[in-house]
Protein chains: 2
Amino acid sequence: MSSDSAIVQTARAARQASVALQSVTDKQKNEALLRIKQVLAERKTEIFEANEVDKKLAEEQVAQGKLSSSLFKRLDICNGDKFDSILSGVEDITHLPDPTKRVSLATKLDDDLELYRVSVPVGVLLTIFEARPEVVVNISCLALKSGNAVILKGGKEASHTNAVLAKVIQDALNSLPADSSIPKEAVQIVETREDISALLELDRFIDMVVPRGSNSLVKYIQNNTRIPVLGHADGLCSLFVDKDADLEKAKKIVVDSKTNYPAACNSAETLLVHHELLQSDKFAAIATALLAAGVSLRCDTATYNALSNVDSKFKEQVSQSTDEDYDTEFLDLTIAVKVVQDVSEAIDHIIEHGSKHTDCIITEDASVAEFFMARVDAAGCYWNASTRFADGFRYGFGAEVGVSTNKTHARGPVGLEGLVIYKYRCYGNGNAAGDYGSGKKQYLHQTIDQNNYKI
Amino acid sequence: MSSDSAIVQTARAARQASVALQSVTDKQKNEALLRIKQVLAERKTEIFEANEVDKKLAEEQVAQGKLSSSLFKRLDICNGDKFDSILSGVEDITHLPDPTKRVSLATKLDDDLELYRVSVPVGVLLTIFEARPEVVVNISCLALKSGNAVILKGGKEASHTNAVLAKVIQDALNSLPADSSIPKEAVQIVETREDISALLELDRFIDMVVPRGSNSLVKYIQNNTRIPVLGHADGLCSLFVDKDADLEKAKKIVVDSKTNYPAACNSAETLLVHHELLQSDKFAAIATALLAAGVSLRCDTATYNALSNVDSKFKEQVSQSTDEDYDTEFLDLTIAVKVVQDVSEAIDHIIEHGSKHTDCIITEDASVAEFFMARVDAAGCYWNASTRFADGFRYGFGAEVGVSTNKTHARGPVGLEGLVIYKYRCYGNGNAAGDYGSGKKQYLHQTIDQNNYKI
């Protein structure tokens, strides 16, 4: 062990902390979270000083055009009630139900042989994020609440703030009474890009990577590790307006899905329109609602031609699309528009171009809606509702670890449940498998009342 | 699309078939399975002829020492009641509950906005397996029952048999009445190693790889794809005999875990012994039970010395261990033995050397057992029961897709539930996210009676 590099020591320490975390109770976890909140409040001055250092350095970068002003804004945790909301966010997590120790299967294999499937922490998380220092606090608390150890790596713009926040959390853990101790290595921070490369190789110590940041960050991680990644690179959400759509609902959903917060992953990027809507003035009405909301439309030939009579003040917002537009996450007030013959063609388009995030059909025909929602392979399939509802808080999870476009483990907005897996606990009395089988003992396979099981 | 290579066409066809499979009912899936059983029975002669071709070629390989006789045996599906058991296995799968369309969350976000989390097929599976041609039938039927499309690649020794079995399944799907049609591309077979290399790259079409075969096969796949792999490379299960173990239970569990089927992944490979057992004759009694069952012991110095007085007829079965022995999956009648000071050292050893498969503590002390079962990070944590119980059929799942040592998605013996994920279905009435928030509408987040939801 002495020959381990520093980064392997970090990962090994996280693994050891995660073992200790297995037997911590929900009460102990909540006490630790409230202690973290308290020490954060006590050391506000120190935290703000570190944040000022980061902001000063970042200001120079902004002046030199090396850093965007929006990134600078996200760096600031001193402004307004930002710090207070970080503190109340910590307390909010204590009110969430413990996702561990839940029994999802209980079977009596034989009179003296019982099997339970119980939720347990995934183990060790690696979180890589950009700019926002509050992620240190938020993800550390979500990890602790779910019984996971976490290794954090933030952006270098926030390195002073991140380091102090992590230190404060470690000190808070260290100051807990001995009988509810959580090792301070449950939360660790690393600093360099080389550390990340090394950690992404350490699948024997790290169980899940939770990236928080840009498309390119997530793609880099997905392409450079065998460790499961919880997250999404793309959010290419589509809307299909069917021929039997209610026009008012269509206008409202399309405008909200595109304009409510264009930079979000659950905003719509592609509008598919049933060809019959181009024969009436319905498509023009929907398009005009978007145009009036300031949206630029990238239209295929049919939809472009259908807008030839659009009000002259909107002319400049309408252009012909390229193939690439249908694979583009615009993240601003731009949407790609395309005609389709029917719901099947809409589904085909979404399967080929979508990112399995959230897709919506707008129709009054229930059978067409069900056809769409069954066949579209996305984390969220919506009928007559804005794609913007795809969010952990809106779903009522109380916290959002991230949004996943994976096809395994956790999908869509992910709450604390995404940070747990299960183990089988088997309780015997000296049982041997060789005693069961043809002509021997038989398995009972009776369901046990799970309320009888307490761990 | 026309520029797609043949293998991309195969993968795309699987994806398209998986879309069609989304709306197939359980009744239709069971009808398809029974039709497959029927056509397999009808074309038994053709299947046996293909199997004879494979066996004839394999015989030559065995004669030349290029193929093991055990591999040859696994190739044979004509022998005894093997074919009949393949057929009854197909029917057994129809009796399993449909793992899809299960609702795990139902929330009223607002009066006219409802959210449901519903289990759905993962999508497209890729199965790579060796020798046993019955995997073609078994995995195709498990895939169909769970609504997944599957691409199969078997060992070249069984290529004729595999090809005919896949053709028969496709013909059976093709012969279904139009109203319950499942596209024949739901089951496809590929032949070459190059095909596999290409498919392992196609994460945009393939959602999960399910390897069935040797440690080296699984490791190769895990190291060469970004697609999630459901399975296990290693099965390094450990037994810890605590100082408060009941001697009779210990002997029974240790012998069964090692000898019941040594080649299985759930057989024990390491025996950890509390040091106090070496002071009495308890360790010698356990060791003698293993030796009498034909097991060779690779002992550390302390346990080796403790066996200095062992019956002379067993002398040759006892040797000193090397470090490597504690990382070795022997898969035969050999076990590595080591003394530990206490349960904590046993846990540390298992975390460092185990494979997160199944580990067992033998003790009469409930608090020590709970400490072990909480802290050992394995799919199965057992107290006083043989590790050999870690099996889908023994757990009562009715089918076993594989055993997973992953930390996400599915863990331990995996039944049909491992082949599904969920999607969120959201039902609105023209709802916009911009209408909710501070000073606007509030989310209700009320739990809905799930019985009201039918899809």
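Numbering of residues starts from 1 in each chain and follows the order in which that chain's sequence is written. All chains are assigned letters beginning at A, and all ligands numbers beginning at 1, according to the order in which they are written. Reporting in this predicted model follows two pLDDT cut-offs: at least 70 for local features of residues, and 80 or more for side-chain atom pairs to be given and counted; totals over whole chains, interfaces and linings ignore these cut-offs and use all residues. Calculation of side-chain values draws on the structure's entire complement of heavy atoms; hydrogens and water are dropped beforehand.

With an unreviewed UniProt entry as reference, chain A is termed glutamate-5-semialdehyde dehydrogenase, source organism Umbelopsis vinacea. What UniProt records for chain A under Catalytic activity (unreviewed entry) is the sentence "L-glutamate 5-semialdehyde + phosphate + NADP(+) = L-glutamyl 5-phosphate + NADPH + H(+)". UniProt positions are given in the numbering used here, feature names are shortened, and annotations may be inferred rather than shown by experiment. A UniProt comment under Sequence similarities (unreviewed entry) is attached to chain A, and it reads "Belongs to the gamma-glutamyl phosphate reductase family."

Chemist: For this particular structure, what's the right way to read the overall build of chain A?
Modeler: In DSSP terms, a helix is any run of H or I states spanning at least four residues, a strand is any run of E spanning at least two, and both are numbered starting from the N terminus. Broken down by element type, chain A carries 15 helices and 17 strands. When its C-alpha atoms are laid out on the principal axes, chain A stretches across 80 × 75 × 40 Å. Each residue is placed in one exposure class: buried if its accessible area under a 1.4 Å probe, protein chains only, is under 20% of its type's maximum, exposed if it is over 50%, and partly exposed if it falls in between. Split into buried and exposed, the 455 residues of chain A put 58% on the buried side. Whether two residues are in contact is decided by their heavy atoms, any of which lying within 4.5 Å being enough. Sequence-distant contacts in chain A: of pairs separated by 6 or more residues, those separated by 24 or more amount to 72%. Only four residue types enter the charge count, namely Lys and Arg as positive and Asp and Glu as negative; His and the chain termini do not. Lysine's charge is taken at NZ, arginine's at CZ, aspartate's at CG and glutamate's at CD. Across chain A, the centroid of the 50 positively charged side chains sits 4 Å from that of the 64 negatively charged ones.

Chemist: Would you mind going over the sheet that holds strand 11 (residues 334-340) of chain B with me for this structure?
Modeler: Working definition: the strands of a sheet are paired by backbone hydrogen bonds and lie parallel or antiparallel to each other. Only strands joined by at least two bridges in the DSSP assignment are considered to pair. Strands sit in the order 17(A)-1(A)-2(A)-16(A)-13(B)-12(B)-7(B)-8(B)-11(B)-9(B)-10(B) across an open sheet of 11 strands; the sheet is mixed. Each end of this open sheet is capped by a strand with a single partner; those strands are strand 17 (446-447) of chain A together with strand 10 (318-320) of chain B. Summarising the sheet, strand 9 (residues 296-299) of chain B and strand 11 of chain B pair through 4 bridges and their orientation is parallel. What sits directly across from Ser296 of chain B, in strand 11 of chain B, is Thr334 of chain B. Axis lines are fitted to C-alpha atoms, over the contacting stretch for helices. Their N-to-C directions set the angle, which ranges from 0 to 180 degrees. Across the sheet, helix 14 (residues 343-353) of chain B touches strand 7 (237-241), strand 8 (268-274), strand 11 and strand 12 (358-362) of chain B, and the angle it forms with strand 11 of chain B is around 135°.

Chemist: Please explain the domain arrangement of chain A as it appears in this structure.
Modeler: When the parts come together, some accessible area is lost, and that loss is often what is quoted as the size of the interface. Entries for chain A in the domain assignment read domain 1 (6-99 + 121-223) and domain 2 (237-389). In this structure, domain 1 of chain A and domain 2 of chain A have C-alpha centres spaced 38 Å apart. Where each domain begins and ends follows an automated or database-derived domain assignment.

Chemist: Whenever I open this one, the interface of chain B and chain A confuses me. Can you help?
Modeler: Each partner contributes to the interface: chain B provides 79 residues, whereas chain A provides 79 residues. Put simply, buried area is how much 1.4 Å-probe accessible surface two parts lose in total, over both of them, once they are put together. Roughly 6500 Å² of surface becomes buried between chain B and chain A when both sides are summed, with 53% attributable to carbon and sulfur atoms. Salt bridges, as used here, are contacts in which a Lys or Arg side-chain nitrogen is within 4 Å of a carboxyl oxygen on Asp or Glu. A salt bridge links Glu370 of chain B to Arg425 of chain A, with the nearest nitrogen and oxygen atoms 2.8 Å apart. Polar contacts, as counted here, are pairs of nitrogen or oxygen atoms within 3.5 Å of one another; within protein the pair requires one atom able to donate a hydrogen and one able to accept it, and residues that are adjacent in sequence qualify only if both atoms are side-chain atoms. Viewed at the interface, chain A and chain B are joined by 56 residue pairs in polar contact (both at pLDDT 80 or more). Tallied by class, the residues present in the side of chain B that touches chain A amount to 38 nonpolar, 20 polar and 21 charged. One ladder, built from 5 bridges, connects strand 16 (residues 420-431) of chain A with strand 13 (residues 380-385) of chain B; its direction is parallel. Each residue is assigned to one class: nonpolar for Ala, Val, Leu, Ile, Met, Phe, Trp, Tyr, Cys and Pro, charged for Asp, Glu, Lys and Arg, and polar for all the others, Gly among them.

Chemist: Looking at this structure, I do not really get the pattern of salt bridges. What am I missing?
Modeler: A side chain of one charge can pair with a side chain of the opposite charge when the charged atoms of the two come close. For the structure on display, the rule yields 66 salt bridges over all chains. Its salt-bridge partner being Glu134 of chain B, residue Arg132 of chain B comes within 3.8 Å of it at the nearest N-O pair. One continuous salt-bridge network, built from bridges that share partners, spans Arg15 and Asp207 of chain A together with Lys356, Asp377, Lys407 and Arg411 of chain B.

Chemist: Is there a simple way to think about the pairing of strand 12 (residues 358-362) of chain A in this case?
Modeler: Two faces belong to every sheet, and in a regular strand the side chains alternate between them. Residues and elements named next belong to chain A. The element strand 12 is extensively covered by neighbouring structure, given that 5 of its 5 residues are classed as buried. Neither face of strand 12 is open: one carries Thr358, Cys360 and Ile362, the other Asp359 and Ile361, and all of them are buried. Pairing between strand 7 (residues 237-241) and strand 12: 4 bridges, direction parallel. Residue Leu239 lies in a different strand from strand 12, and its bridge partner there is Cys360. In this structure, strand 12 lies alongside strand 13 (residues 380-385), joined through 4 bridges in parallel fashion. Across the sheet, Ile361 pairs through a bridge with Trp383, a residue of strand 13. If you view a crossover with the strands going away from you and the path from the first strand over the helix to the second runs clockwise, you call it right-handed. Handedness of the crossover joining strand 12 and strand 13 through helix 15 (residues 366-375): right-handed.

Chemist: Just to check I follow, could you spell out the relation of the copies chain B and chain A for this structure?
Modeler: To go from the first copy of the chain to the second, apply a rotation about an axis and then a shift along the same axis. When the copies are superposed, the least-squares fit takes in the C-alpha atoms of residues with a pLDDT of at least 70 in both. At an RMSD of 0.0 Å, chain B and chain A line up after a rotation of 180° and a shift of 0.0 Å along the axis. Expressed as a symmetry operation, the mapping of one chain copy onto the other fits a two-fold axis. Residue His409 of chain B of chain B places its C-alpha closer to the rotation axis than any other residue of that unit, at 1.8 Å.

Chemist: Sorry if this is basic, but what is going on with the sheet that holds strand 17 (residues 446-447) of chain B here?
Modeler: In spatial order, the strands read 10(A)-9(A)-11(A)-8(A)-7(A)-12(A)-13(A)-16(B)-2(B)-1(B)-17(B); together these 11 strands make up an open sheet with mixed pairing. Strands at the two margins of the open sheet, each flanked by one partner only, are strand 10 (318-320) of chain A together with strand 17 of chain B. Against the sheet, helix 15 of chain A engages strand 7, strand 12 and strand 13 of chain A together with strand 16 (420-431) of chain B, with an angle of about 145° to strand 16 of chain B.

Chemist: I'm lost on the packing of aromatic side chains in this one. Help?
Modeler: The way to describe two aromatic rings as a pair is by their centre distance and the angle between their planes. Aromatic contacts are taken between Phe, Tyr and Trp rings whose centres are within 6.5 Å, Trp giving its six-membered ring; a plane angle under 30 degrees counts as stacked, one over 60 as edge-to-face, and the others as tilted. Within the structure shown, the criterion is met by 22 aromatic pairs over all chains. Aromatic pair Trp383 of chain A and Tyr427 of chain B: ring centres 5.9 Å apart, planes at 75°, arrangement edge-to-face. Here Trp383 of chain A, found in strand 13, pairs with Tyr427 of chain B, found in strand 16, and the two come from separate chains. Like Trp383 of chain A, the residue Tyr427 of chain B is buried in the burial classification. Through a chain of ring-to-ring contacts, the aromatic side chains of Tyr395 and Phe397 of chain A together with Tyr422 and Tyr424 of chain B assemble into a single cluster. Charge-over-ring contacts are defined here by two conditions on Lys NZ or Arg CZ: a distance within 6 Å of the ring centre and an angle within 35 degrees of the ring normal. A cation over an aromatic ring shows up here: Arg117 of chain A above the ring of Tyr422 of chain A, its NZ or CZ 5.2 Å from the ring centre.

Chemist: How should I be thinking about the packing of helix 14 of chain B against helix 15 (residues 366-375) of chain B in this particular structure?
Modeler: Think of two packed helices as two axes; the pair is described by the angle between the axes and how far apart they sit. Residues and elements named next belong to chain B. Packing of helix 14 against helix 15 leaves a shortest axis separation of 10 Å and a crossing angle of 20°. As far as their axial angle goes, helix 15 and helix 14 are roughly parallel. The hand of the helix 14/helix 15 crossing is right-handed. Each of Val343, Ser344, Ile347, Ile350 and Ile351 in helix 14 lies in contact with helix 15, whose residues at this interface are Val368, Phe371, Phe372 and Arg375. Tallied by class, residues from the contact of helix 14 with helix 15 come to 7 nonpolar, 1 polar and 1 charged. The scheme is simple: roughly parallel for angles under 35 degrees, roughly antiparallel for over 145, roughly perpendicular for 65 to 115, oblique for anything else. Rotating anticlockwise by less than a right angle from the far helix to the near helix defines a left-handed crossing, while the corresponding clockwise rotation defines a right-handed one.

Chemist: What exactly am I supposed to notice about the side chain of Arg117 of chain B here?
Modeler: Relative to the helices and strands, Arg117 of chain B resides in strand 2 (residues 113-121). Among the polar contacts made by the side chain of Arg117 of chain B, one reaches the side chain of Glu417 of chain A at a distance of 3.5 Å.

Chemist: Teacher, can you tell me more about helix 9 (residues 215-223) of chain B here?
Modeler: Because an α-helix packs 3.6 residues into every turn, residues spaced three or four apart end up facing the same way. Residue and element names in this part refer to chain B. Buried within helix 9 we find Leu217, Val218 and Ile221. The buried residues of helix 9 occupy an angular sector of 95° when projected down its axis, which confines them to one face. Where helix 9 is buried, its residues touch strand 3 (124-129) and strand 6 (208-212). Throughout, the arc means the angular range of directions from the helix axis out to the C-beta atoms.

Chemist: Just to check I follow, could you spell out helix 10 (residues 247-259) of chain B for this structure?
Modeler: All names here are of chain B. The end-to-end C-alpha distance of helix 10, which contains 13 residues, comes to 18 Å, matching closely the 18 Å that a straight helix rising 1.5 Å per residue would cover. For helix 10, the complete set of buried residues consists of Lys249, Ala250, Ile253, Val254, Val255, Asp256, Ser257 and Lys258. Sitting at the head of helix 10, Asp246 places a side-chain oxygen 3.0 Å from the backbone nitrogen of Glu248. One less than the number of residues in a helix, times 1.5 Å, gives the span that helix is expected to have.

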